[in-house]
Amino acid sequence: MTTVANVHEDTDSPFALSHLDSLESEAVHIFREVAGEFERPVVLFSGGKDSIVMLHLALKAFAPAPVPFSLLHVDTGHNFPEVIEYRDRTVEKYGLRLHVASVQDYIDRGVLKERPDGTRNPLQTVPLTEAIQEHRFDAVFGGGRRDEEKARAKERVFSLRDEFSQWDPRRQRPELWQLYNGRHAPGEHVRVFPLSNWTELDVWQYIEREGIELPQIYFAHEREVFSRNGMWLTAGEWGGPKDTEPVEKRLIRYRTVGDMSCTGAVDSDATTLQAVIAEIAASRLTERGATRADDKLSEAAMEDRKREGYF
């Protein structure tokens, strides 16, 4: 006679969940938990692959009803056109409400100043925190994963932020048995990470399984790029390239997508999902470690920004 314990250990059992099913189930549970605990949640959506998967999970969590959250994008003004086009098309397709916090608006008003290196990723913190305060969002979904970077590995699924949107690692709460504590004081909010336990490979395998459409920037294509600090960057109005940085056309793709000034491409001939998955499975570098200049400013660059209110 088969015991209950043996049924769960048997991977051939019709009752056993696959690895991706377990991750999906956990994420759906998190979305529904937030819907039950909070009054004004919002989903960060940039058109990048992690936010795309996060939105797909939210759509699944509440189908056939519409997603009960609006979307928020902190627009640096230096985004890849393909990604912004995808963002707008997706919002229209699902009839969603999108709030856009523009870094350029803050620069025009003199609240923020351009950095000498042209990078605007560190400038996103003020627009993000002020958008949260303005719209009184009490839960903010982000697509951060623990495998991306060591500061993100410290974060809980529910991450409490104070009235200044700052993160204090010492205020982390235990999350035993997938029980999440959303309690917060007036003015505080909770950052929520449904993909915390996913890896980059999990994300791509899930995209393949679910047939999720992505911006073509994630697949190999010919593009004019130049080399800086060991990364292939795309030329743009943000300030690159310099006279000593020749532009050349290469077959590349992007593993992660952010501000054009700090998001590097990788040489690749992976034009299909299967080829991308094989490439990632063989890689020894995380996507941010390989292609994000803003994380290389210092050993604690990400953690410093998270303490100030960044994701």
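An unreviewed UniProt entry lists the protein chain under the name Sulfate adenylyltransferase subunit 2, from Streptomyces lavendulocolor. Recorded in UniProt for the protein chain, the comment headed Pathway (unreviewed entry) runs: "Sulfur metabolism; hydrogen sulfide biosynthesis; sulfite from sulfate: step 1/3." For the record of the protein chain, the UniProt heading Subunit (unreviewed entry) holds the text "Heterodimer composed of CysD, the smaller subunit, and CysN."

Colleague: Honestly, the packing of aromatic side chains in this entry has me stumped. Any pointers?
Modeller: Here a ring pair, both rings aromatic, is described through the centre-centre distance and the interplanar angle of the planes. Tallying each qualifying case throughout the model produces 10 aromatic pairs. Ring centres of Trp 204 and Tyr 218 lie 6.0 Å apart, and the angle between their planes is 75 degrees; this geometry places the pair in the edge-to-face category. Here the residue Trp 204 occupies a position in helix H8 (residues 200-210), and Tyr 218 occupies one in the loop between H8 and strand E7 (221-228), the gap between them amounting to 14 residues. Judged by its relative accessible area of 1%, Tyr 218 is buried. Linked through ring pairs, Phe 31, Phe 62, Phe 69 and Phe 141 together constitute an aromatic cluster. A cation over a ring is seen here: Arg 109 above Tyr 106, with NZ or CZ 4.5 Å from the ring centre.

Colleague: Would you mind showing me how to read the sheet that holds strand E4 (residues 139-141) here?
Modeller: Either a parallel or an antiparallel arrangement is found when strands of a sheet pair, and the pairing is made through backbone hydrogen bonds. Across the sheet, which stays open at both edges, the 6 strands sit in the order E3-E2-E1-E4-E6-E5 with mixed pairing between neighbours. Here the strands that pair on one side only, and so sit at the sheet edges, are strand E3 (98-102) and strand E5 (158-161). Taken over all neighbouring pairs, the strand axes of this sheet differ in orientation by 30 degrees on average, direction set aside. Direction of pairing for strand E2 (residues 70-75) relative to E3: parallel, over a ladder of 5 bridges. Within the sheet, the bridge partner assigned to Leu 71 lies in E3 and is Leu 98.

Colleague: Help me understand a nonpolar patch on the surface in this model?
Modeller: On the surface, Leu 176, Trp 177 and Leu 179 cluster together to form a nonpolar patch covering roughly 430 Å² of accessible area. On the secondary structure map, Trp 177 appears in the loop between E5 and strand E6 (189-192).

Colleague: Would you mind showing me how to read the packing of H8 against helix H9 (residues 273-282) here?
Modeller: Two quantities define a packed helix pair, namely the angle between the helix axes and the distance between the axes. Between H8 and H9, the least distance of the axes is 10 Å, while the angle of their chain directions is 165 degrees. Considered as vectors, H8 and H9 are oriented roughly antiparallel to each other. The handedness of the crossing between H8 and H9 is left-handed. Residues Glu 200, Leu 201, Trp 204, Gln 205, Ile 207 and Glu 208 of H8 form the contact with H9, whose own contacting residues are Leu 273, Gln 274, Val 276, Ile 277, Ile 280 and Ala 281. Tallied by class, the residues present in the contact of H8 with H9 amount to 8 nonpolar, 2 polar and 2 charged.

Colleague: Is there a simple way to think about the pairing of strand E1 (residues 41-44) in this case?
Modeller: Across a regular strand the side chains alternate sides, sitting on one face of the sheet and then on the other. By the alternation rule, side chains of E1 split into Pro 41 and Val 43 and Val 42 and Leu 44, which are all buried. Two elements, E1 and E4, share 3 bridges in a ladder whose sense is parallel. Each bridged residue has a counterpart across the sheet, and for Val 42 the counterpart in E4 is Val 140. In this fold, E1 hands off to helix H3 (residues 49-62), which returns the chain to E2; that crossover is right-handed.

Colleague: Honestly, unusual backbone geometry in this entry has me stumped. Any pointers?
Modeller: Phi is mostly negative for residues that are not glycine, and the peptide bonds are mostly trans. In the segment running from Ala 63 into Pro 64, the intervening peptide bond is cis, with an omega of 5 degrees. Residue placement: Pro 64 occurs in the loop between H3 and E2. In this model, Arg 136 sits at a positive phi of 55 degrees, which is unusual for a non-glycine residue. Along the chain, Arg 136 falls in the loop between helix H6 (125-135) and E4. At Ser 165, a residue that is not glycine, the phi angle is positive and equals roughly 65 degrees. In this structure, Ser 165 sits in the loop between E5 and E6. Assessed through its relative accessible area of 1%, Ser 165 is described here as buried.

Colleague: Would you explain the nonpolar core in this entry?
Modeller: Across soluble globular proteins, nonpolar side chains show a tendency to be buried alongside one another. Core analysis: the biggest nonpolar cluster contains 61 residues, and Phe 31, Val 53, Phe 141, Phe 158 and Trp 204 have the highest contact counts within it. If you tally residues by element for this core, the top one is H3, at 8 residues. Residue contributions to this core reach at least three from each of two domains, namely domain 1 (19-202 + 302-307) and domain 2 (215-297). In this structure Val 53 touches Leu 195, Trp 198, Val 203, Tyr 206, Ile 207 and Ile 212, once residues within four positions along its chain are discounted. Within the second largest apolar cluster, 15 residues are counted, among which are Leu 44, Val 74, Ala 101 and Val 103.

Colleague: Please clarify how the sheet that holds strand E9 (residues 248-253) should be interpreted in this entry.
Modeller: If you walk across this open sheet you meet the 4 strands as E8-E7-E9-E10, and the pairing is antiparallel. Strand pairing shows two members of the sheet lacking a second neighbour, strand E8 (231-234) and strand E10 (266-267), which therefore form its edges.

Colleague: Can you help me understand the pattern of salt bridges in this one?
Modeller: Pairing is possible between side chains that carry opposite charge, provided their charged atoms lie close to one another. Applying the stated criterion across every chain, the model contains 20 salt bridges. Measuring nitrogen to oxygen at the nearest pair gives 2.8 Å for the salt bridge that ties Asp 88 to Arg 87. On the accessibility criterion, Asp 88 (36% relative accessible area) is partly exposed. The exposure class assigned to Arg 87 is buried, which follows from its relative accessible area of 7%. By sharing partners, the salt bridges in this structure join Asp 21, Glu 24, Lys 60, Arg 209 and Glu 210 into a single network.

What counts and what doesn't
Residues numbered from 1 in each chain as written. Predicted model: local features only at pLDDT ≥ 70, side-chain atom pairs only at ≥ 80, totals over all residues. Heavy atoms only, no water. UniProt positions renumbered as here; feature names shortened; annotations may be inferred. Phe/Tyr/Trp six-rings, centres within 6.5 Å; stacked < 30°, edge-to-face > 60°. Helix = DSSP H or I, 4+ residues; strand = E, 2+ residues; numbered from the N terminus. Buried < 20%, exposed > 50% of the residue type's maximum accessible area, 1.4 Å probe, protein only. Lys NZ or Arg CZ within 6 Å of the ring centre and 35° of its normal. Pairing = 2+ DSSP bridges. Axes fitted to C-alpha atoms, helices over the stretch in contact; angles between N-to-C directions. Patch = residues over 30% accessible without salt bridge, like charges linked within 9 Å, V, L, I, M, F, W, Y side chains within 5 Å. Areas by Shrake-Rupley, 256 points an atom, 1.4 Å probe, with all protein chains shown as cover. Salt bridge = Lys/Arg side-chain N within 4 Å of Asp/Glu carboxyl O. Parallel < 35°, antiparallel > 145°, perpendicular 65-115°, else oblique. Left-handed = near helix turned anticlockwise from the far one by under 90°. Contact = heavy atoms within 4.5 Å. Nonpolar A, V, L, I, M, F, W, Y, C, P; charged D, E, K, R; others polar. Right-handed = clockwise from strand over helix to strand, strands pointing away. Core = buried A, V, L, I, M, F, W, Y, C linked by side-chain atoms within 4.5 Å. Domains from an automatic or database assignment.

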